[in-house]
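# Structural features, examined
Take a look at the letters that make up each chain.
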Amino acid sequence: MDARVLQAFQDAAGHWVPLEDLQAAASRRIAEVTNTEAGLVTAGCAASLTLGAAAILAGDDLGRMERLPNCAGFPCEFVVAREHRSGYDHAVRAAGARLVEVGFNEIVSNAGVRRTEAWEYAEAFGPETAGVFYVQGADMQPPLAEVVAVAHERGLPVLVDAAGALPPRKNLTAISETGADLVAFSGGKGVRGPQSTGILCGRSELIASAALQMLDMDDHWDLWDPPSKLINKRTLPGLPRHGIGRSLKVSKEEIVALLTALELFVSGAYDDGLPRYRAMLETVVSVLSGSAAECRIREPADADCWPVLQIVVDEATLGKTAFNVCRALRAGSPAVYVGHGELASGRLIVNPVCLDDEQAARLGERLREELS
Ligand SMILES: *Cc1c(COP(=O)(O)O)cnc(C)c1O
């Protein structure tokens, strides 16, 4: 977190505010920067997914809110591409949703040339369908806009997991501009807010449902006065009790810190760090010259993203696998955690985003020790 984010967290601790008022203010600002109707600060993108699914499942029905995650008697199926499934979809299922898979990825299974296609979603829609779950990524198929089109033809909402889609900044608006009904972002990734924060943004009636199911509802109906832009009391038959999202609460400090981080992110303040990230990676590359590894700096796809360093371990010369190098780095002092998504291909990945210059120098030394 930037020092300004930490300061905002501390300052917020000294003030009193009804949380629904603070969330309503957050909603206005999130809506502006994402070009959506409304937003909510959540306890992480995974929490956004649970709340988003709960909003789609229950809508403004207080009885359904009370029963979640039990969905007996109302539609609860979310159609999802088989290749979009991951451990994170537990967060959608936690609300009560049942996932219905469509499509194949015949390229990965080495059995063909095609991936999931939009018509396959349409074929899976039926009376039990509540919505569509889509995971945003660099190379996702089918394109989100096509999925939104087939879903909206049947009046079904689309919930998008865009946890890691920021930066680039353009994704703040580009994803919702496909017409997706709810978009979930992490607050603790590229936005660099508290790790325990996220964003849910989209259609105002769905955000209202999510807010009702997350906020503390311990009040008297006659006294309860939520801000109408976030929750329209006049349309409600009564005051729901705590909803399924009550376990996912956020503090005023977290809300203010996330909003501060979002301002920095939106204004481009983090771009100041980009030349430094590159310089740190170049330092590591020069420290590793002559070792049993080949370094390459991978350029980012967008100007407001940062490069990462790919280190191909010469496993034959070194007599150690990349997996073993990774283990030794974790066990050393200081413990070093490199990107471990490509170990099977003999590659270590270094992401510079949270390093300072001194740490980068230590990192270079530790890598050199393990790769020499
Ligand atoms: C990181 C991630 C999440 C969870 O985000 P948190 O903010 O940590 O809750 C969800 N989905 C995907 C695809 C992610 O990469």
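A quick note: this is a predicted structure, and the numbers were derived from the prediction, not measured.

### Notes on the overall build of the protein chain
In terms of regular secondary structure, the protein chain is built from 14 helices and 10 strands. With the C-alpha coordinates of the protein chain rotated into their principal frame, the extents come out at 70 × 60 × 35 Å. Among the 372 residues that make up the protein chain, the fraction classed as buried is 51%. Residue pairs in contact within the protein chain that sit at least 24 positions apart in sequence constitute 65% of those at least 6 positions apart. Accessible surface, the protein chain as shown: approximately 17400 Å² in total, 51% of it carbon and sulfur.

### Details of the nonpolar core
Core analysis: the largest hydrophobic core is formed by 90 residues, its most contacted members being Leu-57, Phe-78, Val-92, Tyr-121, Leu-159, Val-160 and Leu-200. The greatest single-element share of this core, amounting to nine residues, is contributed by helix H3 (residues 45-58). Apart from the residues lying within four places of it in its own chain, the contact partners of Tyr-121 are Val-79, Val-80, Ala-81, His-84, Val-102, Thr-116, Val-132, Tyr-134, Pro-142, Val-147 and Val-150.

### Re the sheet that holds strand S10 (residues 347-350)
The antiparallel open sheet is built from three strands, whose spatial order is S8-S9-S10. Two strands lie at the open edges of the sheet, namely strand S8 (293-298) and S10, each paired on one side alone. Direction aside, neighbouring strands of the sheet carry axes that sit 20 degrees apart on average. Where S8 and strand S9 (residues 308-313) come together, six bridges link them in antiparallel fashion. The residue of S9 that forms the bridge with Arg-296 is Gln-310.

### Remarks on the site of the ligand
As a structural note, the neighbourhood of the ligand is formed by Gly-44, Cys-45, Ala-46, Tyr-88, Asp-161, Ala-163, Ser-186 and Lys-189. The backbone of Cys-45 places a nitrogen or oxygen atom 2.8 Å from an oxygen atom of the ligand.

### As for the sheet that holds strand S7 (residues 198-202)
Strand order in this open sheet of seven strands is S1-S7-S6-S5-S4-S2-S3, and the pairing throughout is mixed. Each of the sheet's edge strands pairs with one partner strand only, and the pair in question is strand S1 (38-42) and strand S3 (98-102). Strand-to-strand twist of the sheet, defined as the mean angle between neighbouring strand axes without regard to direction, takes the value 25 degrees. In this sheet, strand S6 (residues 182-186) lies alongside strand S5 (residues 158-161) in parallel orientation, the contact comprising three bridges. For Val-160, the partnering residue across the bridge sits in S6 and is Val-183. Packed on one face of the sheet, H3 meets S1, strand S2 (77-81), strand S4 (129-135), S5, S6 and S7 and runs near 165 degrees to S6.

### Remarks on the side chain of Asn-171
Here Asn-171 is to be found in helix H8 (residues 171-174). For Asn-171, a relative accessible area of 14% puts it in the buried group. At a separation of 2.9 Å, a polar atom in the side chain of Asn-171 contacts the main-chain carbonyl oxygen of Ala-165. Excluding residues that lie within four positions of it along the chain, Asn-171 makes contacts with Ala-165, Leu-166 and Phe-185.

### Structural notes on helix H11 (residues 274-287)
What sets the pattern is the α-helix's 3.6 residues per turn: residues three or four places apart point alike. Relative to the 20 Å expected for 14 residues at 1.5 Å per residue, H11 spans 20 Å between its end C-alpha atoms, a close match to the ideal helical length. Contacts from the buried residues of H11 go to S8, S9, S10 and helix H14 (357-371).

### Some points on the packing of aromatic side chains
The description of two aromatic rings rests on the distance between their centres and on the angle between their planes. According to the stated counting rule, one finds two aromatic pairs in the structure shown. Taken together, a centroid distance of 6.0 Å and an interplanar angle of 40 degrees make the contact between Trp-221 and Trp-224 tilted. For Trp-221, a relative accessible area of 32% corresponds to the partly exposed category. Relative to Trp-306, the ring of Tyr-277 has its centre 6.0 Å away and its plane inclined at 70 degrees; by these criteria the two rings are edge-to-face. With Tyr-277 in helix H11 and Trp-306 in the loop between S8 and S9, the pair connects residues that are 29 residues apart, well separated along the chain.

### Topic: the pattern of salt bridges
For the structure on display, the rule yields 26 salt bridges. The shortest N-O distance in the salt bridge between Asp-61 and Arg-64 comes to 3.6 Å. By relative accessible area, which is 24% here, Arg-64 ends up partly exposed. Glu-370 is the salt-bridge partner of Arg-366, the closest N and O atoms lying 3.0 Å from each other.

### Brief notes about the environment of Lys-320
Tracing the chain through its elements places Lys-320 in the loop between helix H12 (315-318) and helix H13 (322-331). Considered as a pair, Lys-320 and Leu-371 are 51 residues apart in the sequence and their alpha carbons are 8.9 Å apart. Lys-320 has contacts with Val-313, Glu-315, Val-325 and Glu-370, leaving out every residue within four places of it along the chain. Within polar-contact distance, the side chain of Lys-320 engages the backbone oxygen of Glu-370 at 3.1 Å.

The rules behind each value
- Residues numbered from 1 in each chain as written.
- Predicted model: local features only at pLDDT ≥ 70, side-chain atom pairs only at ≥ 80, totals over all residues.
- Heavy atoms only, no water.
- Helix = DSSP H or I, 4+ residues; strand = E, 2+ residues; numbered from the N terminus.
- Buried < 20%, exposed > 50% of the residue type's maximum accessible area, 1.4 Å probe, protein only.
- Contact = heavy atoms within 4.5 Å.
- Areas by Shrake-Rupley, 256 points an atom, 1.4 Å probe, with all protein chains shown as cover.
- Core = buried A, V, L, I, M, F, W, Y, C linked by side-chain atoms within 4.5 Å.
- Pairing = 2+ DSSP bridges.
- Axes fitted to C-alpha atoms, helices over the stretch in contact; angles between N-to-C directions.
- Near = heavy atom within 4 Å.
- Polar contact = N/O pair within 3.5 Å; in protein donor to acceptor, adjacent residues only side chain to side chain.
- Expected span 1.5 Å × (residues − 1).
- Phe/Tyr/Trp six-rings, centres within 6.5 Å; stacked < 30°, edge-to-face > 60°.
- Salt bridge = Lys/Arg side-chain N within 4 Å of Asp/Glu carboxyl O.

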